[in-house]
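Reading the structure
Here are the chains, one letter per residue:
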Amino acid sequence: MKKHNFYAGPSILSEFTKEETAKAVMDFAGTGLSVMEVSHRSKEFQAVMDEAVALVKELLEVPEGYEVLFLQGGASMQFCMAPFNLMKKKAAYLNTGAWSKKAIKEAKFFGEVVEVASSADANFNYIPKGYKVPSDVDYFHYTSNNTIFGTEIFEDPDVDVPLIADMSSDIFSRPIDISKYDLIYAGAQKNLAPAGVALVIVKKDALGKAGREIPTMLNYQTHVDGGSMFNTPPCIAVYAALQTLKWYKQRGGIAAMQKDNIEKAKILYDELDRNKLFNAVVPDPADRSVMNICFVMTEGKENLQDDFLAFAGTKGIVGIKGHRSVGGFRASTYNALPKESIQVLVDAMKEFESKH
Ligand SMILES: *Cc1c(COP(=O)(O)O)cnc(C)c1O
């Protein structure tokens with residue numbers, strides 16, 4: 001049976017990414033060797049890294065003065081690297097959920113953290129509005145897409161201080177104005193590659209100003225100078241990332257991805273608003289994530305939750321169980337998820353409704 005993969009991360013990758021990576025596992029760039037067993041200093045692998053960096057710059061229209069890095073340690077390492085490198089004394093954070101909280105926890109190792117607003121009062125089911133970012137902070141950090149709670153910030157914020165974003169689960173889903181940011185980071189395993197690599201886009205001018213010693217591996221400058229090859233990079237993850245980037249380009253780039261993503265999300269949210277058995281978790285349509293769509297059984301129908309999970313399974317639907325902190329269901333609708341999979345889920349919800 002065809003599987004419809006709604007996992008939140010690691011998550012669906014394009015067929016192109018999987019096929020091309022599988023080929024390179026057996027024979028990489030005509031070397032007769034696997035991409036897993038070739039020196040990262042070989043000209044063949046250097047070409048992979050160079051092309052991946054160039055394609056990120058092209059697809060996201062990264063302006064002059066920025067570096068694109070592929071680092072290890074996931075987005076979670078960035079929670080620490082960002083303040084280590086960019087915080088002098090004080091930083092502002094927006095708390096929109098579990099990932100924001102983890103970022104805040106790490107930042108506190110390096111200085112004072114001002115939490116400008118939080119949506120904890122409603123289990124993070126909305127995006128706080130109208131908050132003020134103090135002018136005396138070294139930067140403002142926010143999480144653009146809240147993978148667990150299903151909210152998303154679609155506009156690049158206008159602030160008077162340097163801006164940092166964790167875009168792990170919505171990078172490449174829509175165009176972004178990179179020039180507004182000093183730093184953007186994203187774990188690869190949602191919209192780019194298998195786990196093992198994080199994408200970092202950093203403004204060169206922002207580095208070297210924190211006024212503290214930084215251990216070599218945690219210093220962005222090390223990786224800028226080393227072209228993401230100060231030490232051995234996760235070669236296969238970078239190779240797979242390159243395939244996904246090529247696929248995005250073939251598909252018409254990031255604007256085309258955005259159009260598809262909006263259409264896909266609308267099909268599911270429309271059904272959630274219509275279906276008597278299910279409700280979207282995020283009430284305000286303006287805050288509803290286009291990448292992670294959280295929903296629950298309507299009041300009084302909670303006892304049908306396990307039945308629906310099992311029923312969905314018979315249709316090939318995989319990975320829709322909600323995160324343990326929210327419960328219910330979560331359909332992750334990343335770039336590589338075809339519209340057909342959304343349709344299968346919506347049809348399953350309709351059929352389930354007619355039976356109950
Ligand atoms: C998945 C995720 C992370 C954590 O990524 P790791 O690579 O596992 O460290 C951080 N932030 C957001 C928004 C995420 O979705």
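Predicted model, so just to flag it, every value in this text is computed and none were measured.

Here we look at the environment of Leu-59
Mapped onto the fold, Leu-59 is located in helix 2 (residues 43-59). Residue classification places Leu-59 among the buried residues on the basis of a relative accessible area of 11%. As for Leu-59 and Phe-124, which are separated by 65 residues in sequence, their C-alpha atoms are 31 Å apart. Beyond its immediate sequence surroundings of up to four residues, Leu-59 is in contact with Leu-245, Tyr-248, Lys-249, Gly-253 and Ile-254.

Topic: the domain arrangement of the chain
When the domains of the chain are assigned, the result is domain 1 (4-10 + 253-355) and domain 2 (15-251). For domain 1 and domain 2, the distance between their C-alpha centroids amounts to 27 Å. Listed as interface residues are 31 residues of domain 1 and, on the opposing side, 29 residues of domain 2. Taken over both partners, the interface formed by domain 1 and domain 2 buries close to 2,300 Å², and the fraction arising from carbon and sulfur atoms is 57%. It is Ile-254, Asp-287 and Asn-335 in domain 1 that bury the most area against domain 2; as a group they hold 26% of the surface buried on that side. The interface formed by domain 1 and domain 2 includes two salt bridges. Among the salt bridges present, the one from Asp-260 reaches Arg-251, with a minimum N-O distance of 2.5 Å. Counting every contact that joins domain 1 to domain 2 gives 15 residue pairs in polar contact (both at pLDDT 80 or more). Contributions of two or more residues to the side of domain 1 that touches domain 2 are made by helix 7 (253-274) and strand 12 (292-297). Looking at which element gives the most residues to the side of domain 1 that touches domain 2, the answer is helix 7, with nine residues.

Considering the sheet that holds strand 11 (residues 278-280)
With antiparallel pairing, the three strands of this open sheet are ordered in space as 11-12-14. Because the sheet does not close on itself, it has two edges, and the strands there are strand 11 and strand 14 (329-332). Recorded for the sheet is a direction-independent mean angle of 35° between the axes of neighbouring strands. Pairing of strand 12 with strand 14, which is carried by four bridges, proceeds in the antiparallel orientation. Note that in strand 14 the partner of Phe-295 across the bridge is Phe-329. On top of the sheet, helix 7 reaches strand 11, strand 12 and strand 14; it is set at about 15° to strand 12, its chief contact.

Remarks on the sheet that holds strand 5 (residues 140-143)
Strand order in the open sheet formed by seven strands is 2-10-9-8-5-3-4, and the pairing between neighbours is mixed. Strands with a single pairing partner mark the edges of an open sheet, and in this sheet they are strand 2 (66-71) and strand 4 (112-118). In this sheet, neighbouring strand axes are inclined to one another by 15° on average, regardless of whether the strands run parallel or antiparallel. In this structure, strand 3 (residues 90-95) lies alongside strand 4, joined through six bridges in parallel fashion. By the bridge assignment for strand 4, Ala-91 is matched with Val-113.

As for the site of the ligand
Within the structure, the ligand sits among 13 residues, and Ser-76, Thr-147, Asp-166, Gln-189 and Lys-190 are positioned closest to it. Between an oxygen atom of the ligand and a side-chain N or O atom of Thr-147, the distance comes to 2.4 Å. Gln-189 places a polar side-chain atom, nitrogen or oxygen, 2.9 Å from an oxygen atom of the ligand. Protein contact buries 87% of the 390 Å² of open area that the ligand shows by itself.

Comments concerning the packing of aromatic side chains
Remark: the centre distance and the inter-plane angle together describe each pair of aromatic rings, the angle taken between the planes. Taken as a whole and assessed by the stated rule, the structure comprises 19 aromatic pairs. Between Phe-278 and Phe-295 the ring centres are 5.9 Å apart and the planes differ by 75°, which places this aromatic pair in the edge-to-face class. Here Phe-278, found in strand 11, pairs with Phe-295, found in strand 12; they are 17 residues apart in sequence, far enough to count as distant. A residue is classified by how much of its surface remains accessible, and Phe-278, at 0% relative accessible area, is buried. Through a chain of ring-to-ring contacts, the aromatic side chains of Phe-278, Phe-295, Phe-308, Phe-311, Phe-329 and Phe-352 assemble into a single cluster.

What counts and what doesn't
Residue numbering note: each chain is counted from 1, following its sequence as written. Reporting of local features is limited, given that this is a predicted model, to residues whose pLDDT is at least 70; pairs of side-chain atoms are given and counted only at 80 or more, and all residues count toward the totals for whole chains, interfaces and linings. The side-chain figures draw on all heavy atoms in the structure; neither hydrogens nor water molecules are used. Helical segments are the DSSP runs of H or I of at least four residues, strand segments are the runs of E of at least two, and each set is numbered from the N terminus. Only protein chains enter the accessibility calculation, which uses a 1.4 Å probe; a residue whose area is less than 20% of its type maximum is buried, one above 50% is exposed, and one in between is partly exposed. In this analysis, two residues are considered to be in contact whenever any of their non-hydrogen atoms come within 4.5 Å of each other. Note: domain ranges come from an automatic or database domain assignment. Buried area counts how much accessible surface, traced with a 1.4 Å probe, disappears from two parts once they are put together, with both parts' losses summed. For salt bridges, the criterion is a side-chain nitrogen of Lys or Arg within 4 Å of an Asp or Glu carboxyl oxygen. Throughout this description, a polar contact denotes any pair of N or O atoms lying within 3.5 Å of each other; where both atoms belong to protein, one of them has to be capable of donating a hydrogen while the other can accept it, and for residues adjacent in sequence the pair is counted only when both atoms sit in side chains. Two strands qualify as a pair provided DSSP detects at least 2 bridges between them. Between N-to-C directions, angles cover 0 to 180 degrees, with each direction set by a line fitted to C-alpha atoms, over the stretch in contact for helices. Whether a residue is near a molecule or strand depends on its heavy atoms: it is near if one of them lies within 4 Å of it. Under the convention used here, a 1.4 Å probe and the Shrake-Rupley method define accessible areas, while residue burial counts only the protein chains that appear. To pair, rings of Phe, Tyr and Trp, with the six-membered ring standing in for Trp, must have centres within 6.5 Å; the planes then decide the type, stacked if under 30 degrees apart, edge-to-face if over 60, and tilted in the middle.

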